[in-house]
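Letter by letter, the chains look like this.
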Amino acid sequence: MNAKFFKIAVQRVMLTALLAVSLFFTACQSPKDQNPYGLDMVSTAEEYLAAVATDSSLLLIDLEEHIPGVVMDIRYAGTDNFTGTKIYSAPKAYLRKEAADSLLKIQKELNRDGLGIKVYDAYRPYSATLYFYEVYPDTTFVAAPWKGSIHNRGCAIDLTIVNTKTGEELVMPTPFDEFSEAASHNYIPSDSIALANREKLLTIMERYGFEKYSHEWWHYNFHKREGMGLLNISFEELEKLKKK
Ligand SMILES: [Zn+2]
């Protein structure tokens, strides 16, 4: 064996060893790694289906299918988000049944004025909440993983308003996920149009049962959350369930 082939052979052995080690650690990920705070949560498709069978209000609704003309800009399905990495496997947005129905009413009302909803994020698997806190450990802007996020309950949405003709977003005090004072509902922007647009979103969301989160103009929680537990079901699993 000459030196060149020996070097290649050694490299191959090292790569195989590295792969084996990484597979070993992936296989070692216990349910505890997925739920390090021991929270009560639905983590399998079977558990989710069983819960929905006893209470249909727990059903997660695909917003793209439920709301005609809704604009999807699911930031965590790409790299244009505060983590800089792709978190979701698919650009999907789900909410529990009643929240999704309310959002449909909001869309219809906005449509009358040539406006519509753009969704940045809705249901978020708990695993993403764990990761977000690792990247940005500030519970003003990122949910505390020891409690879980209302996004993990399928009851929160991040959204803005767009002009349906041009597709352009209405100007708001900050871009989505700008973690600053200016994102707060208490902030008075110098741009009066941005202020009016933020108020327009607030007024319509509150009329249909959503509550604001004071630190982020884009985040709203649906008022009915009782019994809506934490979920850690991936988007692939939810897609598979729809085909069943
Ligand atoms: Zn949010």
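Structure shown above.
Every chain's residues receive numbers from 1 upward, in the order its sequence appears when written. Reporting of local features is limited, given that this is a predicted model, to residues whose pLDDT is at least 70; pairs of side-chain atoms are given and counted only at 80 or more, and all residues count toward the totals for whole chains, interfaces and linings. Remark: hydrogens and water are excluded; side-chain values derive from all non-hydrogen atoms of the structure.

Asker: It is not clear to me how helix H3 (residues 45-54) should be interpreted in this structure. Could you clarify?
Answerer: In an α-helix, one turn spans 3.6 residues, which is why side chains three or four residues apart end up on the same side. If you check which residues of H3 are buried, you get Ala45, Tyr48 and Val52. Viewed end-on, H3 has its buried residues packed into an arc of 60 degrees, placing them on one side of the element. Opposite the buried face of H3, by more than 90 degrees, sit the exposed residues Glu46, Ala53 and Thr54. Any residue under 20% of the maximum accessible area for its type is buried, any over 50% is exposed, and the rest in between are partly exposed; the area is computed with a 1.4 Å probe on protein chains only. Helix numbering and strand numbering both begin at the N terminus, where a helix is a DSSP run of H or I of at least 4 residues and a strand a DSSP run of E of at least 2. The arc in question is the one spanned by the directions pointing from the helix axis to the C-beta atoms.

Asker: How do you make sense of the coordination of the zinc ion when you look at a structure like this?
Answerer: Ideal values for angles at a metal depend on the geometry: 109.5 degrees with four tetrahedral donors, 90 or 180 degrees with six octahedral donors. Ligating atoms shown are N, O and S within 2.8 Å of the metal, or 3.2 Å for Na, K and Ca, and water is not included, meaning a site may look less than complete. Taken together, His151 (NE2), Asp158 (OD) and His219 (ND1) make up the full set of protein donors to the zinc ion, lying 2.0 to 2.1 Å away. Spacing between the donor residues of the zinc ion along their common chain follows H-x6-D-x60-H. Taken as a pair, Asp158 in strand S6 (residues 156-163) and His219 in strand S8 (residues 216-222) lie far apart in primary sequence, 61 residues in all. Overall, Asp158 belongs to the buried group, its relative accessible area being 1%.

Asker: Teacher, can you tell me more about the pairing of strand S7 (residues 210-213) here?
Answerer: On a regular strand, each side chain points to the face opposite its neighbour's, so the side chains alternate between the two faces of the sheet. Sheet topology places S7 next to S8; 4 bridges connect them, and they run antiparallel. Counterpart to Phe210 in the pairing with S8 is Phe222. Joining the antiparallel neighbours S7 and S8 is a turn of 2 residues. At least two DSSP bridges between two strands are required for those strands to pair.

Asker: How should the environment of Pro173 be read in this particular structure?
Answerer: If you trace the backbone, Pro173 turns up in the loop between S6 and helix H7 (192-207). You can call Pro173 buried: its relative accessible area is 19%. Along the primary structure Pro173 and His185 are separated by 12 residues, whereas in three dimensions their C-alpha atoms are 9.5 Å apart. Two residues form a contact once any of their heavy atoms are found within 4.5 Å. Dropping the residues within four chain positions of it, Pro173 is found in contact with Ala182, Pro189, Ala194, Arg198 and Trp217.

Asker: Honestly, the nonpolar core in this entry has me stumped. Any pointers?
Answerer: A general trend in soluble globular proteins is that nonpolar side chains are found buried together. Among buried residues, the Ala, Val, Leu, Ile, Met, Phe, Trp, Tyr and Cys ones that are joined through side-chain atoms within 4.5 Å form a nonpolar core. In this structure, Leu63, Leu95, Leu103, Ile106, Ile157, Met205 and Phe210 are the most contacted members of the largest nonpolar core, which totals 57 residues. A total of 6 residues in this core trace back to one element, the largest contributor, which is helix H5 (residues 97-111). Setting aside residues up to four positions removed in sequence, Phe210 forms contacts with Leu95, Ala99, Ser102, Leu103, Ile106, Ile157, Met205, Tyr220, Asn221 and Phe222. Ranked by size, the runner-up nonpolar core spans 5 residues in total, among them Leu39, Met41, Leu130 and Leu230.

Asker: What am I meant to see in the layout of surface pockets here?
Answerer: Using a probe with the size of a water molecule, rolled over the atoms, empty space left in the structure can be pinpointed. The computed volume of the largest pocket comes to approximately 390 Å³. Along its surface, the second largest pocket is lined by 13 residues, and Tyr48, Leu59, Leu60, Tyr94 and Lys242 are the ones closest to its centre. For the lining of the second largest pocket, the secondary structure elements donating two or more residues are H3, strand S2 (60-62), helix H4 (63-66) and helix H8 (235-243). Split by residue class, the lining of the second largest pocket holds 9 nonpolar, 1 polar and 3 charged. Two kinds of site are reported from a 1 Å grid over the protein atoms alone, namely cavities, where a 1.4 Å probe fits but cannot get out, and pockets, open sets with protein on both sides within 12 Å along at least five of seven lines, and residues are called lining when an atom falls within 4 Å of a point. Grid points are joined across faces, edges and corners, and a volume is the space filled by probe spheres set on the points. Throughout, the ten residues Ala, Val, Leu, Ile, Met, Phe, Trp, Tyr, Cys and Pro are labelled nonpolar, Asp, Glu, Lys and Arg are labelled charged, and all others, Gly among them, are labelled polar.

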